Amino acid sequence: RHGTLTAAVRYRLLRMPATFAAMSRFARRSIERDRGRVWFTIQTQSMWNCAVDGIPNFVYTDSTVLANLYFRHKDLGSLPSPKWLALESAIYADAARTFVMSEHVARSLTELYGIEPAKVARAYVGANVRAPPGSPRPVPDGDKTILFVGVEWERKGGPEVLTLHQLPVPKP
């Protein structure tokens, strides 16, 4: 129970414009201190804005807040305030390029945030090796098991994986 309260408080704090602004200021000051040695910055996720004038900032993210609107079951009441959404939007507008982990996140940047498609790159996630490494125990030809360990199956791109492999919808 204590862990749940802590997670809920942390979630609320991270969705406050004042927290976003404070974290952005801290990150930017740190970058400014080393300006002469910084060629570019890379930030993961979208909880603050690391962009500093004259230094390219790249973003690598698994999602955007507005990408959640693509899912029917999403509670719109859980969206952050319009002010926070404007701050999040500025991250992508200020970025030299935003790398995303899935197609629906790329779509959200262009359709919902108005980011030019040339500033969005689909990097996906994982090792991205050309050929999978050999297995000491070969998988049977008909075996098409995909193990998803986590939460938010739809938001994390699960249906896209099924489409790629033409698999049936999983049972809960």
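Below, the structure is looked at part by part. (Residues numbered from 1 in each chain as written. Predicted model: local features only at pLDDT ≥ 70, side-chain atom pairs only at ≥ 80, totals over all residues. Heavy atoms only, no water.)

### With respect to the pairing of strand 3 (residues 97-100)
Inclusion rule: Think of it in three bands: with a 1.4 Å probe and only protein chains considered, a residue is buried below 20% of the maximum accessible area for its type, exposed above 50%, and partly exposed in between. Only DSSP runs of H or I reaching four residues or more are called helices, and only runs of E reaching two or more are called strands; each is numbered from the N terminus. Between any two strands, pairing holds if DSSP finds at least two bridges. For the handedness criterion, the strands are oriented away from the viewer, and a crossover whose path from the first strand over the helix to the second runs clockwise is classed as right-handed.
Of the two faces of strand 3, only one is covered, namely that formed by T98 and V100; the face formed by R97 and F99 stays uncovered. Summarising the sheet, strand 2 (residues 57-61) and strand 3 pair through four bridges and their orientation is parallel. Residue Y60 lies in a different strand from strand 3, and its bridge partner there is F99. Handedness of the crossover is the feature at issue here: the chain leaves strand 3, passes through helix 4 (residues 103-111), returns alongside strand 4 (residues 120-122), and the resulting connection is right-handed.

### Thoughts on the pattern of salt bridges
Where we set the bar: Here a salt bridge means any side-chain nitrogen of Lys or Arg lying within 4 Å of a carboxyl oxygen belonging to Asp or Glu.
By the definition in use, this model includes four salt bridges. Measuring nitrogen to oxygen at the nearest pair gives 3.0 Å for the salt bridge that ties R35 to E32. The closest approach of N and O atoms between E103 and R122, which form a salt bridge, is 2.7 Å. Here R122 lies in strand 4 and E103 lies in helix 4, a separation of 19 residues in the sequence.

### Remarks on the environment of L76
Along the chain, L76 turns up in the loop between strand 2 and helix 3 (82-94). Under the relative-accessibility criterion, L76 is labelled exposed at 54%.

### Topic: the pairing of strand 2
Within a regular beta strand, the side chains point alternately toward one face of the sheet and then the other, so they alternate between its two faces. In strand 2, alternate side chains face the same way, and those of N57, V59 and T61 are buried while those of F58 and Y60 on the opposite face are not. Across four bridges, strand 1 (residues 41-44) lies against strand 2 in parallel orientation. Its bridge partner being in strand 2, T41 is matched across the sheet by N57.

Distances and angles like these do not, on their own, reveal function.
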